[in-house]
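# Notes for the structure review
Read off the chains here:
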There are 2 protein chains.
Amino acid sequence: MHGELTGSDLKAPPAPPSRAADFVVSEIEAQILSGKLRDGSHLPAERDLMVEFGISRTVVREAIAALASRGLIESRPRFRPVVRKPGFDTALTAVGGMVAHLLSDPDGVKNLYDTRIFLEAALVRNAALHARKEDIAALRDALQANQEALTDSERFYATDVAFHAVFYGIPRNPVFPSLHKAFTTWLAPHWKRMPRSPERNRVNFLSHREICNAVVERDPDGAEKALNAHLNAAWEYVRGTFEPG
Amino acid sequence: MHGELTGSDLKAPPAPPSRAADFVVSEIEAQILSGKLRDGSHLPAERDLMVEFGISRTVVREAIAALASRGLIESRPRFRPVVRKPGFDTALTAVGGMVAHLLSDPDGVKNLYDTRIFLEAALVRNAALHARKEDIAALRDALQANQEALTDSERFYATDVAFHAVFYGIPRNPVFPSLHKAFTTWLAPHWKRMPRSPERNRVNFLSHREICNAVVERDPDGAEKALNAHLNAAWEYVRGTFEPG
DNA sequence: AGGCAGGTTTGGTCATACCAAACTTGTGGA
DNA sequence: TCCACAAGTTTGGTATGACCAAACCTGCCT
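The following refers to the structure shown.

### A look at the interface of chain B and chain A
With 41 residues of chain B in contact, the opposing surface of chain A contributes 42 residues. Broken down residue by residue, the surface that chain B buries against chain A is led by Met98, His101 and Phe118 of chain B, which jointly contribute 19%. The residue Arg61 of chain A makes a salt bridge to Glu62 of chain B at a minimum N-O spacing of 3.0 Å. Here chain B is connected to chain A by seven residue pairs in polar contact (both at pLDDT 80 or more). Sorting elements by how many residues they give to the side of chain B that touches chain A places helix α5 (residues 106-130) of chain B first, with 11 residues.

### Description of the relation of the copies chain B and chain A
If you rotate chain B by 180° and push it 0.2 Å along the axis, it lands on chain A with an RMSD of 0.2 Å. With respect to symmetry, the two chain copies, as superposed, fit the operation of a two-fold axis. A share of 98% of the interface residues of chain B reappears at the interface of chain A, consistent with the copies meeting face to face through the same patch.

### Some points on the protein's contact with DNA strand D
Taken together, 20 residues surround DNA strand D, and among them Arg57, Arg61 and Pro77 of chain A together with Ala20 and Ser56 of chain B come closest. Each atom of DNA strand D within 4 Å of the protein belongs either to a base or to sugar and phosphate, the latter forming 59%. Contacts to DNA strand D include Arg57 of chain B, whose side-chain N or O atom sits 3.4 Å from a base nitrogen. When contributions to the surface near DNA strand D are tallied by element, the ones reaching two or more residues are α2 (46-53) and α3 (57-69) of chain A together with α3 (57-69) of chain B. In terms of residue count, the dominant contributor to the surface near DNA strand D is α3 of chain B (three residues). Class assignment of the residues belonging to the surface near DNA strand D gives a composition of eight nonpolar, two polar and 10 charged.

### Remarks on helix α8 (residues 175-192) of chain B
Residues and elements named next belong to chain B. When the terminal C-alpha atoms of α8 are compared, their 25 Å separation across 18 residues agrees well with the 26 Å that a helix rising 1.5 Å per residue should span. Where α8 bends most, at Trp186, the angle is about 40°, and the proline Pro189 comes one to four residues later. The buried count for α8 comes to 13 of 18 residues, which makes it a mostly enclosed element.

### Points about the protein's contact with DNA strand C
Around DNA strand C sit 21 residues, and of these Ala20 and Val59 of chain A together with Arg61, Pro77 and Arg78 of chain B come closest. Restricting attention to atoms of DNA strand C within 4 Å of the protein, one finds that 60% of them are sugar or phosphate atoms. Within the contact set of DNA strand C, a base nitrogen lies 2.8 Å away from a side-chain nitrogen or oxygen of Arg47 of chain B. Elements represented by at least two residues in the surface near DNA strand C include exactly α3 of chain A together with α2 (46-53) and α3 of chain B. The element that contributes the greatest number of residues to the surface near DNA strand C is α3 of chain A, accounting for three residues. A breakdown of the residues in the surface near DNA strand C according to their chemical character gives eight nonpolar, three polar and 10 charged.

About the cut-offs
Residues numbered from 1 in each chain as written. Chains lettered and ligands numbered in written order. Predicted model: local features only at pLDDT ≥ 70, side-chain atom pairs only at ≥ 80, totals over all residues. Heavy atoms only, no water. Contact = heavy atoms within 4.5 Å. Buried area = accessible area lost by both parts, 1.4 Å probe. Salt bridge = Lys/Arg side-chain N within 4 Å of Asp/Glu carboxyl O. Polar contact = N/O pair within 3.5 Å; in protein donor to acceptor, adjacent residues only side chain to side chain. Helix = DSSP H or I, 4+ residues; strand = E, 2+ residues; numbered from the N terminus. Least-squares fit on C-alpha atoms with pLDDT ≥ 70 in both. Near = heavy atom within 4 Å. Nonpolar A, V, L, I, M, F, W, Y, C, P; charged D, E, K, R; others polar. Expected span 1.5 Å × (residues − 1). Bend = angle between axes of the 7 residues up to and from the residue. Buried < 20%, exposed > 50% of the residue type's maximum accessible area, 1.4 Å probe, protein only.

From the geometry alone we can't say anything about function, so treat these as descriptive.
This is the structure in structure tokens:
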């Protein structure tokens, strides 16, 4: 049936590649890139693909599954698969399931959270140095919304997230908003179990205001310090959700 | 236009109907987490799984494929799948294929590279502030290796990567080395096409030395500035690999 | 004991069939 | 004319069963 993979392998140990569906995958991959399959359009029917590539439906389905898990196509149970040219955040979404397992280990949560702190510290520093007028305005708006939600823990959480999100938007690099989304999504389960109260909200709000003020005053060190204090304090509460101590 | 979907029968976004393989996936997922399937052990034969779950081999294979693409098991062509409890960098590896597509767009490369610069700037700053003696020593070693490879562009590249890697190790958070690996892997294709020469190597080495010195002198601003200059200069060369201008 | 040959597993692929849900189409009523 | 509903067709999901080739295992033979 199909040709051979002329043994030009790349690596000795894991090399003898005899894959068939992979060919289809890369083919469809290429078609998506070349635009033959445009974003949003849907994939041909499986039965059409099998004649187009001269393979069995088994392989077609396998290929589709692979593409789907790579985020290149979106395959709902009974519907026609939809072509999706992935963005940075769909990429991060795809790892989500795996990250969930990483987080079964408390160290995983800690490491991920520390990464977030590290990045966000750099972001507030960046904000203090480079924030534009609109950014400052957005920050103030977010802060006010945060304040107005002090007594509504549900809404406070949302405005809290929104406040932090502002910093991720300032560099004008789409990777950062995607990262923010990823962080909040991944850490949300633990966050949800964190005790909440108007008092806690108030503390957090004050931290936000402190950060905001430092940014407005163009004080990167102050902003960074405030953010670190803020997030490290939050950690003490989060860790209670899985470290009984 | 259409009336509306003021929801009667259709479940709008995601959650509707039927998937059979997903059950198997989550089941095996759970078994991996619970330790019933230990890391490194191999999965039961497909024909065994189909009786264990009372499903057809089709579904079993689909489930295995899904697990494999999520990085929970490692499935080589003709071999028994091996259970793998994923780590941060296997997670990032899994996205790799997708990222490759993001990079088909020059903006994607730019955004990713900018992200790297941003993170690495924060890392060198962190290094200047918190590097331990061992870290400084490692940095000096890496720098020296880098110098000794000046005339061998191949080896220079390796030592270059290794030098930068030191900074990712300083926070002692495994996420950062994984990120470094991911960055270098993803950007490598473009990097490979970048013109190289002993002169370029020398320029890069001098940048490295400058960064190293700033770190040794505990000068975060200087280190950050030097790194930004270094990487932004490199970008000018990299962009030539896809922007013919 | 060591090594090779043959039988047995096991993953990869194909072909076929059936079901149920989604899509399409055609007809009839307001 | 247009909407609504029902029958017919497509299409994805799953199940069987079969075959091949490579990997694995077993046991004989030197």
